[in-house]
Amino acid sequence: MIYPIVAYGDPVLRRQAEEIGSDYPDLKQLVADMFETMEHAGGVGLAAPQIGLSIKLIVVDATPFASEDPAAGGFRKALLNPEIYAQEGEEWAFNEGCLSFPGLHEDVYRPSVVHIRYMDETGLAHDEVYDGYVARVLQHECDHLNGKTFVDHLSPLRKALLRRKLDCIAKGAVSADYKMKFVGKPKHR
Ligand code: NI
């Protein structure tokens with residue numbers, strides 16, 4: 001099932017998401033639906049708050065980056081309760097987008113390496129290190145679980161310049177080639 005994607009402006013994107021267990025109701029179906037929703041929208045990552053669920057669950061498919069970054073080729077995972085507990089390496093800029101912000105792409109600086117703990121769908125705990133595009137997507141998606149989005153990484157000036165565009169997104173005055181849910185009024189932060 002394809003879920004509508006929650007647009008910027010919805011308070012669910014500002015909420016701290018709750019931890020879940022691998023016994024979460026219908027987890028397998030939910031993960032499958034999140035992958036389907038993400039792929040339908042052409043995304044490389046999706047966090048549960050983006051479908052209106054304030055729980056710590058993300059899906060990532062970095063395989064579209066495989067030609068530039070071979071390590072990304074094998075990364076297609078659902079992560080429960082992911083926690084980036086350390087970041088290192090030089091910050092680099094990447095022109096990021098987000099399914100909750102159709103039509104918006106901005107250069108975002110983030111550290112190149114992440115250390116992440118998470119649980120997989122079977123309840124197995126993992127502690128891993130990633131760099132490149134996988135580290136980039138993981139940082140973007142984990143932000144969503146902490147009520148943060150990629151525009152929060154922009155300078156106050158840049159954000160001010162984007163205000164009108166952001167208001168349009170919140171109001172639904174944008175076009176996206178996937179189903180979205182708008183709250184109808186902007187939320188300034
Ligand atoms: Ni996003």
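Refer to the preceding data block for the structure.
The structure displayed is predicted, hence computed values, not measured ones.

Describing the nonpolar core
Part 1 of the reasoning: The biggest cluster of nonpolar side chains holds 34 residues, and the ones touching the most others in it are M34, L46, L57, V59, F101 and L104.
Part 2 of the reasoning: When contributions to this core are tallied by element, the ones reaching two or more residues are α1 (27-40), β3 (57-61), β4 (76-96), β5 (106-119) and α4 (163-171).
Part 3 of the reasoning: In terms of residue count, α1 provides more of this core than any other element does, six residues in total.
Part 4 of the reasoning: Counting 20 residues, the second-largest nonpolar core is a separate cluster that includes F65, Y130, C142 and L145.

Some words on α4
Part 1 of the reasoning: All of the buried residues in α4 are L166, D167, I169 and A170. The buried residues of α4 occupy an angular sector of 160° when projected down its axis, which confines them to one face.
Part 2 of the reasoning: Backbone geometry just downstream of α4 places G172 in the positive-phi region, at approximately 90°.

Examining the coordination of the nickel ion
Part 1 of the reasoning: Around the nickel ion, the protein contributes the donor atoms C98 (SG), H140 (NE2) and H144 (NE2), at 2.1 to 2.2 Å from the metal centre.
Part 2 of the reasoning: Donor residues binding the nickel ion come from one chain and are separated in sequence as C-x41-H-x3-H. Residue C98 is located in the loop between β4 and β5, and its partner H144 is located in helix α2 (residues 132-145); the two are separated by 46 residues in the primary sequence.
Part 3 of the reasoning: Taking the relative accessible area as the measure of exposure, H144 reaches 1% and is therefore buried.

Notes on the environment of N81
Part 1 of the reasoning: Note that N81 resides in strand β4.
Part 2 of the reasoning: With 36 residues separating them along the chain, N81 and R117 place their C-alpha atoms 7.9 Å apart.
Part 3 of the reasoning: Non-local contacts of N81, meaning those with residues more than four positions away in its chain, are made with E19, I20, K56, R117, Y118 and M119.
Part 4 of the reasoning: Among the polar contacts made by the side chain of N81, one reaches the main-chain carbonyl oxygen of I20 at a distance of 2.7 Å.

Things to note about the packing of aromatic side chains
Part 1 of the reasoning: Applying the stated criterion across every chain yields a total of eight aromatic pairs.
Part 2 of the reasoning: Judged by centre distance (5.1 Å) and plane angle (35°), the rings of Y8 and F101 are tilted. Taken as a pair, Y8 in the loop between β1 (5-6) and α1 and F101 in the loop between β4 and β5 lie far apart in primary sequence, 93 residues in all.
Part 3 of the reasoning: A residue is classified by how much of its surface remains accessible, and Y8, at 5% relative accessible area, is buried.
Part 4 of the reasoning: Pairwise contacts between aromatic rings join F65, W92, F94 and Y133 into one cluster.
Part 5 of the reasoning: Its guanidinium or amino end placed over the ring of Y85, R117 lies 3.9 Å from that ring's centre, counting from NZ or CZ.

Conventions we followed
Residues numbered from 1 in each chain as written. Predicted model: local features only at pLDDT ≥ 70, side-chain atom pairs only at ≥ 80, totals over all residues. Heavy atoms only, no water. Core = buried A, V, L, I, M, F, W, Y, C linked by side-chain atoms within 4.5 Å. Buried < 20%, exposed > 50% of the residue type's maximum accessible area, 1.4 Å probe, protein only. Helix = DSSP H or I, 4+ residues; strand = E, 2+ residues; numbered from the N terminus. Arc of directions from axis to C-beta. Donors = N, O, S within 2.8 Å, 3.2 Å for Na, K, Ca; no water. Contact = heavy atoms within 4.5 Å. Polar contact = N/O pair within 3.5 Å; in protein donor to acceptor, adjacent residues only side chain to side chain. Phe/Tyr/Trp six-rings, centres within 6.5 Å; stacked < 30°, edge-to-face > 60°. Lys NZ or Arg CZ within 6 Å of the ring centre and 35° of its normal.

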